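# Residue-level structure breakdown
Here are the chains, one letter per residue:
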Amino acid sequence: MLPYICEFIGTCMLIVLGLSACCSATLDKSAQQGIGALQVNIAWGLAVMIPAFIFGEASGAHFNPALTIALAVDGTLEWSKVLGYILCQFGGAFLGACIVYLLFKGMFDATDCPEVKRACFVTGPSVDSLPLNIFQEFIATFILVFSIKGISRITGLAPGVDKLLVFGIICAMGMCMASLTGAALNPARDLAPRIAHALLPIKNKADSNWKYGLIVPIVGPLLGALSAVLLYGAIPW
């Protein structure tokens, strides 16, 4: 039971911290409005690192269904845990998105632009092209998961340093890839907040862009993560 609780709470923390950075950077009446992409990308790196430090030993700190499925495929995680992990990840992400709405409700109410409010919850493309966007998420998630697997090959790594390296990987992915699709890298990070955006009573909100959300941030990360572990396993290290 403990690993599932950790995945739920950890993913909730990740989403609360990450989406809060998006809200702080973009919503009207925010004292940090306009802080810029660099601070937001660093915040997402910290949003992954902080719960990873807390829950890494107990659950592996996946917080990402694509990573969970990929690690089950390569034998790192037992298949019996996969469904429970994924349900907890989506549940935690949904709760996190609802908490963010409550925290920033006054700013959501004060913001006129529906697209800005939607972008606080979900990712979206700079150039709208489903095949290209899937490929972009595929490449970004491939690099993420391949890099995470590669950390295990570092000898003599002091306890906890691996979490710092994951922080660096997440920051790098945001800085290098977020301008394309927002770099979801994680189906739970996008789909659960997208559901929350659709259900929450957000004043003057846009549609939740399901045409994009049900395909790109799900298919791209899943294929990217699976390809990463398969290639990593095929290399004669």
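See the structure above.
Analysis parameters
Residue positions within a chain follow its written sequence, with the count starting from 1. Local features in this predicted model are restricted to residues of pLDDT 70 or higher, and side-chain atom pairs are both shown and tallied only at a pLDDT of 80 or more, whereas totals for entire chains, interfaces and linings draw on every residue. Derived side-chain values reflect all non-hydrogen atoms in the structure, with water molecules and hydrogen atoms excluded from consideration. Under the scheme used here, helices are H or I runs from DSSP no shorter than 4 residues and strands are E runs no shorter than 2 residues, and both carry numbers assigned from the N terminus. Residue burial is assigned from relative accessible area. The probe radius is 1.4 Å, only protein chains are included, and a residue is buried under 20% of its type maximum, exposed over 50%, and partly exposed in between. Should any heavy atoms of two residues lie within 4.5 Å, those residues are counted as being in contact. Only buried residues count toward a nonpolar core. Its members are Ala, Val, Leu, Ile, Met, Phe, Trp, Tyr and Cys residues joined through side-chain atoms within 4.5 Å. Only rings of Phe, Tyr and Trp enter the pairing, Trp through its six-membered ring, and a pair is recorded when the two centres are within 6.5 Å. The plane angle decides the type: under 30 degrees is stacked, over 60 is edge-to-face, the rest tilted. When a carboxyl oxygen of Asp or Glu is within 4 Å of a side-chain nitrogen of Lys or Arg, the pair counts as a salt bridge.

## Some words on the environment of A58
Mapping A58 onto the fold places it in helix α2 (residues 37-59). Residue classification places A58 among the partly exposed positions, given a relative accessible area of 30%. In sequence terms A58 and W210 are 152 residues apart; their C-alpha atoms lie 34 Å from each other. Here A58 is in contact with L2, P3 and C6, once residues within four sequence places are set aside.

## Brief notes about the nonpolar core
Counting 43 residues, the largest nonpolar core has L19, C23, W44, F108, F121, M173 and L200 as the members making the most contacts within it. Contributing elements (two or more residues each) for this core: α1 (2-26), α2, α4 (82-103), α7 (130-151), α8 (161-181) and α9 (187-199). For this core, the leading source of residues is α1, giving 9 residues. In contact with L19, other than residues within four places in its own chain, are W44, A97, V100, C120, F121, R189 and P193.

## Regarding the packing of aromatic side chains
Any pair of aromatic rings gets described here by the distance separating the centres and the angle formed by the planes. Applying the stated criterion across every chain yields a total of 8 aromatic pairs. Where Y101 meets F108, the ring centres are 5.8 Å apart and the plane angle is 40°; that geometry is what we call tilted. An identical accessibility class is assigned to Y101 and F108; each is buried. Relative to Y232, the ring of F146 lies with its centre 5.5 Å away and its plane at 75°, an arrangement referred to as edge-to-face. Remark: Y232 occurs in helix α11 (residues 216-234) and F146 occurs in helix α7; sequence separation between them is 86 residues. For F146, a relative accessible area of 22% translates into the label partly exposed. Judged by relative accessible area, Y232 falls into the buried class, the value being 8%. Through pairs of rings, three or more aromatic residues link up here, namely F135, F138, F142, F146, Y232 and W237.

## Brief notes about the pattern of salt bridges
Evaluated as defined, the whole model comprises 6 salt bridges. We note a salt bridge from R118 to D207, for which the minimum N-O separation is 3.7 Å. You can see R118 sitting in helix α6 (residues 114-119) and its partner D207 sitting in the loop between α9 and α10 (210-213), a full 89 residues away along the chain. Overall, R118 belongs to the buried group, its relative accessible area being 17%. With relative accessibility at 53%, the residue D207 sits in the exposed group. The residue R194 makes a salt bridge to D190 at a minimum N-O spacing of 2.8 Å. Remark: D190 and R194 occur in helix α9; sequence separation between them is 4 residues, near one turn of the helix. D190 carries the same exposure label as R194, and that label is buried.

## Notes on the side chain of N186
Tracing the backbone through its elements, the reader meets N186 in the loop between α8 and α9. According to the relative accessible area criterion, N186 is buried, its value standing at 7%. Each residue touching N186, except ones within four places of it in the same chain, is listed here: F63, N64, P65, P217 and P221.

## Observations concerning unusual backbone geometry
A positive phi angle, near 65°, is found at L185, a position not held by glycine. Positionally, L185 belongs in the loop between α8 and α9. Look at N204: it is not a glycine, yet its phi comes out positive at around 50°. Residue position: N204 is located in the loop between α9 and α10. For N204, a relative accessible area of 45% puts it in the partly exposed group.

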